[in-house]
Amino acid sequence: MKRSGGGRGTRVGLSSTTLWFLVLMAALSTAAMAAGDVWQTPEQGLEALTQSTCPQSIAAAIFDERYNPLPELYPTAPMSFHGTDRFTAADWAEYDHRVRTQCPASQAWPPGAQSAIALAVLFGGASVVYWLLPTWRIRRRGLVRLDRAGQPAELVQTVEQLAEAAGVAVRYLVNPLDERVGGVAFGHAGRRYIELKSGLLLLHRRDRPAFVAVVEHELGHVRHRDLDVSYLAVGLWRAAGAMLAIAAVWYRENLGDADEPLPPTVRYLILMLLAAYLARNGVLRTREYHADDYAARTPEGAAAIVRLLGGGTARQWPTWLAAVHPSGRDRAAVVAGRLGPPEFGRAGAAAFGLLAALAVPMLVDRGSWILQYWGFQQHVVTWGELTLRPAYAPLALLVLAPIGAGLAVAAWRAVAHGPLGPALRGLGWLAVSFGAGLLVGDQLAPRPSLLAPRDLAASLGLPGNTIELPLVGAGIVVALAVAALSWRSALNGSDSAVPAWAFAGYGAVSVVAGMAYGLGLDPVLRRVWWLAAGCLAAFVLLGLVRAARRRLVD
């Protein structure tokens, strides 16, 4: 019973579910790095740091032997030696030999090793949860196969035809103990399931369009391939929650201050976990709109969805933040065309800002030290170039690039669909929310912690002015809105893959431009900023030119 017609159910390109998931991965990876550092005591960290003095002394000795004409009168000071750029391959071979034979082996973990183990535990644990979650759900809820549940052959044939029309392979299961009207799509790669609650099965006889709409909503999850993203998000959250909780308790009991109930490190881990919780809920919420879009691609499907969801009430803060489904009223409004699909709402933009303010300083700080350590070991970084300050600000792009892409796609879809006035008001709130999230995260981040000793502005090279953060964040959203407006008429509301990817790239480049501006004292970064700014301006101008040509043709 394949249904045809309508332009819905065909949205392609990037979705908010995917972009939320990228942010979640970046944030939880950063939190895992913090948890990995917790297991190293200060004594072990000091040992790893001071161990570098032995190789440095050997390098200075080799320099005195081979290049210093007056080593007795002017010996090279090991701690201030910067002449290793003159070493030849033979010098480095002699250096490596002496280090192996003369320097004592350290018992401490090298920088980055424990963070790497924490990342492996995080993603390994998430993969195990993702793979076993379907089996656990089937057994816990007592689900049985549809063809063995004694249901009419007509019902079985109907759902099989719906799956065939959607172009997906699924196994239908029945929950005989749940009398609610609904279903749940779940599964892992290679095996997809749809749980049909017993209350839904009764609709097959009483309200056939409503039954089809609910089943097609669940098929929409499978068809849009959001099950892997959603259940990996759940797996990441559960693995991170267990790991960070254990790390926080261990740190509190072994390294914490008895006079301080929540040391800065523990506060940091708790805040990161709460911020990641918002991102996880975003992954689970936004996917519902895309599944509704498939089920409501025909007039009868849209009417059934509105009839089923229209009586719901909007969730009020703060319960809305903890919800994994949008309110029924909002979903019905989107299906009916009264509201544009909120790719990223106010809470989402605020969560983005909060995650950035918490994750970026730690990522840049710890990542810089790890890269410098291994660079020194490989003779790429000299002793004089080592610094405890964050040295590689571009590491922040691992968090900021998906945030920029997500905000850009949100701005584009808000402007491209629906009336312009509500879209602009929504973007205004988006800018305010993102800036507020940056400000709140910057204020909540613990300053005296060894994990995050610098704030977001300092990590990005901006002056230490608190008010500048929300202004920069709001300015980014405004710039993205201007670009979306320039292309509104040019594309006439097209929602194909090309505009979505183009605006995602535009958002990522905007973040690069913002960082290069903050770090613009360096000539190379100044050129990067001019290049990025030129690309952004060209993108906007191209949209205006295409819009003008379209008006002339029309």
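**Regarding the pairing of strand β2 (residues 171–175)**
Moving on, step 1. In terms of burial, β2 is largely enclosed, as four of its five residues are buried.
Moving on, step 2. Across two bridges, strand β1 (residues 144–145) lies against β2 in antiparallel orientation. Looking at β2, one finds that V144 is bridged to V174.
Moving on, step 3. With five bridges connecting them, β2 and strand β4 (residues 191–197) associate as parallel partners. Its bridge partner being in β4, L173 is matched across the sheet by E195.

**Considering the confidence of the model for the protein**
Where the model shows low pLDDT, its predicted coordinates should not be examined in detail.
Moving on, step 1. Chain-level pLDDT for the protein is 77 on average; 75% of the residues reach the 70-or-more range.
Moving on, step 2. With pLDDT under 50 throughout, residues 1–7 is counted as low confidence; its partners more than four residues away or in other chains account for 17 contacts.
Moving on, step 3. Confidence over residues 448–453 falls short of pLDDT 50; this stretch has 17 contacts with residues more than four positions distant or in other chains.

**Looking at helix α3 (residues 53–66)**
Moving on, step 1. In this model α3 runs 20 Å from its N-terminal to its C-terminal C-alpha over 14 residues, within 8% of the 20 Å that 1.5 Å per residue would give.
Moving on, step 2. P55, Q56, I58, A59, A60, I62, F63 and D64 are the residues of α3 that are buried.

**Side note on the packing of aromatic side chains**
Moving on, step 1. What the rule picks out here adds up to twelve aromatic pairs.
Moving on, step 2. Ring geometry for W92 and Y95: centres 5.3 Å apart, planes at 90°, overall edge-to-face. Here Y95 and W92 lie together in helix α4 (residues 89–102), a separation of three residues that amounts to about one turn. In terms of burial, W92 and Y95 fall into one category: buried.
Moving on, step 3. Here the aromatic residues F63, Y67, F87, W92 and Y95 are joined through ring pairs into a cluster of three or more.

Each value, and the rule that gives it
Numbering of residues starts from 1 in every chain and runs along the sequence as written. Two thresholds apply to this predicted model, a pLDDT of at least 70 for residue-level local features and 80 or more for giving and counting side-chain atom pairs, whereas whole-chain, interface and lining totals are computed over all residues. Excluding hydrogens and water, the side-chain values take into account all heavy atoms of the structure. A simple rule labels every residue: compare its accessible area, found with a 1.4 Å probe on the protein chains alone, to the largest value its type can have, and call it buried under 20%, exposed over 50%, or partly exposed in between. The helix and strand labels rest on DSSP assignments: H or I over at least four residues marks a helix, E over at least two residues marks a strand, and numbering proceeds from the N terminus. Only when DSSP finds a minimum of two bridges between them are two strands counted as paired. Per-residue confidence from the predictor is reported as pLDDT, a score between 0 and 100. Whether two residues are in contact is decided by their heavy atoms: any pair within 4.5 Å suffices. Here the expected length of a helix is defined as 1.5 Å per residue gap, with one fewer gap than residues. Under the pairing criterion, centres of Phe, Tyr and Trp rings, with the six-membered ring standing for Trp, must be within 6.5 Å; the plane angle then separates stacked pairs below 30 degrees from edge-to-face pairs above 60, leaving the rest tilted.

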